[in-house]
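Report on the structure
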Amino acid sequence: MITRHRFRKITNAVMLTLTGLCALVAVGAMLAILGFLVWKGAGSLNWDFFTKLPAPVGEPGGGMANAIVGTGKLLLIASLIGLPIGFLSGVYLSEFGGRPMSFLIRYVTDLLSGVPSIVIGIFAYAMVVVPMKSFSTLAGGFALGVMMIPIAVRGTEESLRTVPPNLREASVALGASRTTTILRVVIPAAFRGILTAMMLALARVAGETAPLLFTAFGNNDWSPGWTHPIASLPVMIYNYAISPFRDWHRQAWAAGLVLLVLVLLTNIAARLLFMGRAAEAER
Amino acid sequence: MATAAHPAAPQVRSHAHPPGFFRSFRNRLRKLIGTDWLGYVLSLVAAVLILAITTALVWQLWTQSALSRAKFGWGFLVGRTWSPLFEHLGALPFIYGTVVTSVIALLIAVPLGLGAAIFLAELAPPRASSWLAFLIDLLAAVPSVIYGLLGIFVMVPFLRQVVDPALKRTLGFLPLFQGPIYGVGLLAGGLVLAIMVVPFIISVSREVLLAVPRDQREGALALGATRWEATWGAVVPFARTGIYGSIFLALARALGETMAITMVIGNDPKIRASLFAPGASIAAVLANEFVEATTPTYISALIELGLVLFCLTIVLNGLARLLILATSRRGGAPA
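What you see is a predicted model, and the numbers here were worked out from it, not measured in a lab. (Residues numbered from 1 in each chain as written. Chains lettered and ligands numbered in written order. Predicted model: local features only at pLDDT ≥ 70, side-chain atom pairs only at ≥ 80, totals over all residues. Heavy atoms only, no water.)

1. Examining the overall build of chain B
Tallying secondary structure elements over chain B gives 13 helices and two strands in all. Computed over the C-alpha atoms, the radius of gyration of chain B is 27 Å, more than 25% above the 20 Å expected from 2.2 N^0.38 for a compact globule of 335 residues. Counting only C-alpha atoms, chain B reaches 90 × 70 × 35 Å along its principal axes. For chain B, the proportion of its 335 residues judged to be buried stands at 50%. If you take every contact in chain B between residues at least 6 apart in sequence, the share linking residues at least 24 apart comes to 73%. Summed over all atoms, the accessible surface of chain B reaches about 15,800 Å², with 69% contributed by carbon and sulfur. On chain B, the mean spot of the 24 positive side-chain charges and the mean spot of the 14 negative ones are 10 Å from each other. (Helix = DSSP H or I, 4+ residues; strand = E, 2+ residues; numbered from the N terminus. Rg over C-alpha atoms; globule rule 2.2 N^0.38 Å. Buried < 20%, exposed > 50% of the residue type's maximum accessible area, 1.4 Å probe, protein only. Contact = heavy atoms within 4.5 Å. Areas by Shrake-Rupley, 256 points an atom, 1.4 Å probe, with all protein chains shown as cover. Lys, Arg positive; Asp, Glu negative; His and termini not counted. Charge placed at Lys NZ, Arg CZ, Asp CG, Glu CD.)

Take a look at the structure:
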């Protein structure tokens, strides 16, 4: 009897310790990723990285100014496509949707969010690159924009749903139209949550590489206008990392650090904003 | 609801009365916002656009792969050779690579993720738990190409010098761990995927575990179970469906993951038993060859691979959502 009891106690201790170890490994992985990028990337970061164009093959030095601007331009187009569609659809689902239509839209949005990013790339290639006969900022932005839609829809809908129905009823009772009610009452009340969702959507696509490979393609120079191939940080990291040149590897680390910091900061800011809202609601 | 022409409208064109133009514009806008239908129509248009985009996506994948489907038929899925030059195109090497790397990833990520989720939900103090969960959620936000970067320069050398030789020495009698060691290969791909999908398993499992009613825990403890027995025997089974859901979600992620795996898998479309051997996955071949594909059949075959990947992930995601929904309903119901 006593040995059985001891066996159970030992099993208990061993298994609980193991779960702790699992958590430690997962958190350790996060810290290791950050550590490696800071260690390898920080040394390669310098002013040139932010201000100069990539150097020709074989020449050391140069920077990724064009890729930084390129990522900005791509994200601008993506936001112009993804955020309005996502936001308005979220409004539809929360404020207007009838049963069958809402079910359909939700189902399709879930489906879209599960599509692998490389398949979104093929889609953008077929929709934009083939008709325009050229890789372009527009095509890359379109691919990223499509990826933003599901995140924006879900975030908007969820935040709007937290607004209590009596606010809407009060507004309508005062004679406001439904459009006015949504614009002046519902959206301001859910503003932080919506902003959080938009920022998360942006952070999610900022680091995407696969959908850009055959839409935005890449460019070693500045990309004028919106209809030419354009460089972006993630694609640059990929191309430089698989190249055989030591100096390019160095720059890939630097670009990785910049991208990671950008993505994580946006993420953390979005979450803090959201937590602030939760605290506000408690008061 | 036809917008009545505003009296000031004809003056709008003259430069002499810009304030009139703005006032009339503002009035018109105000009138529009005063209607019920404006919000409805705008938001409905956006919602229908999502439908249109998704339909276009499926339609493009289907029509653009028509050439390949007509030429190779169902045999495409079991064809073992991939030689674009002679237009002998079979998808099996890529399906094999995708499945093997995903299985390796799950074999590592499921125990690890479940263990961590149990620790976070059952043992860690709530405050520490939410901080750790926050850190782990950030892990899910790290871009895939950065995992690839770390994979190439940190993990692959480590595998080549330490892990692979050790595996060969101890488990070398299995065909899985034989043959030359390159560092890049199926094992490297699976390992990178494992780290990438762990955060998904942890965050979903943690949530379903936290949703298990207290009675379930307390009942088991009251019967004299140890902490571990209560967790493993009473709490985890209760959340089982949700945990399966998290695993399917992770699997769908792993199947569609592109950059990290492209960078470490070796990109050689052959089927080999050894996990040390380089392989290829569906997503990886798309990333590698799509831009260079020249003949219409070649492009069409690549798009058909995209279609296969699309179908696989859609089915898995659907299953995952159903399972998670089933548990959250049960957990939320009063016990």
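2. What about the pattern of salt bridges?
Between side chains of opposite charge, a pair can form as their charged atoms come close. Following the criterion strictly, the structure yields 16 salt bridges over all chains and no others. A salt bridge links Lys270 of chain B to Asp268 of chain B; its shortest N-O distance comes to 3.6 Å. Residue Lys270 of chain B is classed as partly exposed on the basis of its relative accessible area of 47%. Assessed through its relative accessible area of 19%, Asp268 of chain B is described here as buried. When salt bridges that share partners are traced, they join Arg106, Glu157 and Arg161 of chain A into one network. (Salt bridge = Lys/Arg side-chain N within 4 Å of Asp/Glu carboxyl O.)

3. A short note on the layout of surface pockets
The calculated volume of the second largest pocket comes to roughly 390 Å³. For the second largest pocket, the lining is made up of 18 residues, of which Leu213, Phe217, Val235, Tyr238 and Asn239 of chain A are closest to its centre. When residues of the lining of the second largest pocket are traced back to their parent elements, those giving at least two are helix H10 (233-241) of chain A together with helix H12 (282-289) of chain B. Among the elements that make up the lining of the second largest pocket, the one with the highest residue count is H10 of chain A (five residues). In terms of residue class, the lining of the second largest pocket is built from eleven nonpolar, six polar and one charged. (1 Å grid on protein atoms, 1.4 Å probe; cavity = no way out; pocket = protein on both sides within 12 Å on 5 of 7 lines; lining within 4 Å. Points joined across faces, edges and corners; volume = space filled by probe spheres on them. Nonpolar A, V, L, I, M, F, W, Y, C, P; charged D, E, K, R; others polar.)

4. Points about the packing of aromatic side chains
According to the stated counting rule, one finds 19 aromatic pairs over all chains in the structure shown. Ring centres of Trp228 of chain B and Trp232 of chain B lie 5.4 Å apart, and the angle between their planes is 10°; this geometry places the pair in the stacked category. Here Trp228 of chain B and its partner Trp232 of chain B are both found in helix H9 (residues 227-238), four residues apart, which amounts to about one turn of the helix. Joined through ring pairs, the aromatic side chains of Tyr92 and Phe96 of chain A together with Tyr40 of chain B make up one cluster. Above the face of the Trp226 of chain A ring, Lys73 of chain A is positioned so that its terminal group lies 4.9 Å from the ring centre. (Phe/Tyr/Trp six-rings, centres within 6.5 Å; stacked < 30°, edge-to-face > 60°. Lys NZ or Arg CZ within 6 Å of the ring centre and 35° of its normal.)

5. Some thoughts on the domain arrangement of chain B
As assigned here, chain B comprises domain 1 (1-35) and domain 2 (73-332). Centre-to-centre, using C-alpha coordinates, domain 1 of chain B lies 59 Å away from domain 2 of chain B. (Domains from an automatic or database assignment.)

6. Remarks on the packing of helix H5 (residues 126-141) of chain B against helix H7 (residues 186-210) of chain B
Relative placement of two packed helices is described by the angle separating their axes and the distance separating the axes. Residue and element names in this part refer to chain B. Remark: H5 packs on H7, axes separated minimally by 9 Å, with the N-to-C direction vectors making an angle of 145°. Seen along the crossing, H5 lies across H7 with a hand that is left-handed. On H7, the residues that touch Ser129, Ser130, Ala133, Ile136, Asp137, Leu139 and Ala140 of H5 are Pro199, Phe200, Ile202, Ser203 and Arg206. Taken together, the residues of the contact of H5 with H7 break down into seven nonpolar, three polar and two charged. (Axes fitted to C-alpha atoms, helices over the stretch in contact; angles between N-to-C directions. Left-handed = near helix turned anticlockwise from the far one by under 90°.)

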